[in-house]
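Descriptive structure summary
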Amino acid sequence: MQVELLDASGPVIAGFAKANSAVINTFKMNATVTWNGSSNISSLAGQSIRVKVYTKGAKLYALQFQ
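Rules and cut-offs
- Residues numbered from 1 in each chain as written.
- Predicted model: local features only at pLDDT ≥ 70, side-chain atom pairs only at ≥ 80, totals over all residues.
- Heavy atoms only, no water.
- Core = buried A, V, L, I, M, F, W, Y, C linked by side-chain atoms within 4.5 Å.
- Buried < 20%, exposed > 50% of the residue type's maximum accessible area, 1.4 Å probe, protein only.
- Contact = heavy atoms within 4.5 Å.
- Helix = DSSP H or I, 4+ residues; strand = E, 2+ residues; numbered from the N terminus.
- Polar contact = N/O pair within 3.5 Å; in protein donor to acceptor, adjacent residues only side chain to side chain.
- Pairing = 2+ DSSP bridges.

**Description of the nonpolar core**
- Counting 9 residues, the largest nonpolar core is built from Val-3, Leu-5, Ile-13, Phe-16, Ile-24, Val-33, Trp-35, Ile-41 and Leu-44.
- Sequence-distant contacts of Trp-35, defined by excluding residues within four places in its chain, comprise Val-3, Glu-4, Leu-5, Gly-15, Phe-16, Ala-17, Asn-20, Ser-21 and Ile-41.

Pasting the structure below:
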């Protein structure tokens, strides 16, 4: 699974593209998404964003931002 973040109107937010997302390949209940080695999304606080999830044979049951 990989994740990218888009702004409210649709374009990918710089630094949060699928190409920057580490691949999550685990059966853990709580895996952390990272982009370029960081999970810090504090620069996006207060903004409306869209989340695009790419999967291959995976099931996503929940998504949480902390």
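Moving on from the coordinates now.
**Things to note about the side chain of Gln-2**
- Along the polypeptide, Gln-2 turns up in strand β1 (residues 2-7).
- The class for Gln-2 is buried, based on a relative accessible area of 17%.
- A distance of 3.1 Å separates a polar atom in the side chain of Gln-2 from the backbone oxygen of Lys-18.
- With sequence-adjacent residues up to four places away left out, Gln-2 is seen in contact with Lys-18, Ser-21, Ala-22, Val-23, Lys-52, Val-53 and Tyr-54.

**Quick word on the pairing of β1**
- Of all 6 residues in β1, 5 are buried, a share of seventy percent or more.
- Bridging between β1 and strand β2 (residues 49-54) involves 6 bridges; their strand directions are antiparallel. Within β2, the position partnered with Asp-7 by the bridge is Ile-49.

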